[in-house]
Amino acid sequence: MAGHQDPNYVAENPFEGRGRAMKGNDFPDAGYGFMIGGGFFIVMFIIAIIVEAATRI
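Residues numbered from 1 in each chain as written. Predicted model: local features only at pLDDT ≥ 70, side-chain atom pairs only at ≥ 80, totals over all residues. Heavy atoms only, no water.

1. A look at the overall build of the protein
Part 1: Looking only at helices and strands, one finds one helix and zero strands in the protein.
Part 2: Within the span of the protein, comprising 57 residues, buried residues form 0% of the whole.
Part 3: By element, 67% of the accessible surface of the protein is carried by carbon and sulfur atoms, the whole surface being about 5700 Å². (Helix = DSSP H or I, 4+ residues; strand = E, 2+ residues; numbered from the N terminus. Buried < 20%, exposed > 50% of the residue type's maximum accessible area, 1.4 Å probe, protein only. Areas by Shrake-Rupley, 256 points an atom, 1.4 Å probe, with all protein chains shown as cover.)

2. Structural notes on a nonpolar patch on the surface
Part 1: On the surface, Phe-40, Phe-41, Val-43, Met-44, Ile-47 and Val-51 cluster together to form a nonpolar patch covering roughly 580 Å² of accessible area.
Part 2: In this structure, Ile-47 sits in helix α1 (residues 27-56).
Part 3: By relative accessible area, which is 42% here, Ile-47 ends up partly exposed. (Patch = residues over 30% accessible without salt bridge, like charges linked within 9 Å, V, L, I, M, F, W, Y side chains within 5 Å. Salt bridge = Lys/Arg side-chain N within 4 Å of Asp/Glu carboxyl O.)

3. Focus on the packing of aromatic side chains
Part 1: Applying the stated criterion across every chain yields a total of one aromatic pair.
Part 2: Ring plane angle 75 degrees and centroid distance 5.4 Å describe the contact between Phe-40 and Phe-41, whose orientation is recorded as edge-to-face.
Part 3: Residue class for Phe-41 comes out exposed when judged on its relative accessible area of 57%. (Phe/Tyr/Trp six-rings, centres within 6.5 Å; stacked < 30°, edge-to-face > 60°.)

Encoded structure:
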């Protein structure tokens, strides 16, 4: 009988539920994160250009 001394013993976490891992592909999620992060920096860059142009007038 496996106990906590056995290195192959895996306790089931009751908080994980039945579906522990996402079965979908990670590529779309990575793409969304890249677009959101890149979009944030593009918006910051555009705001900085607008502020710089407004201060030169």
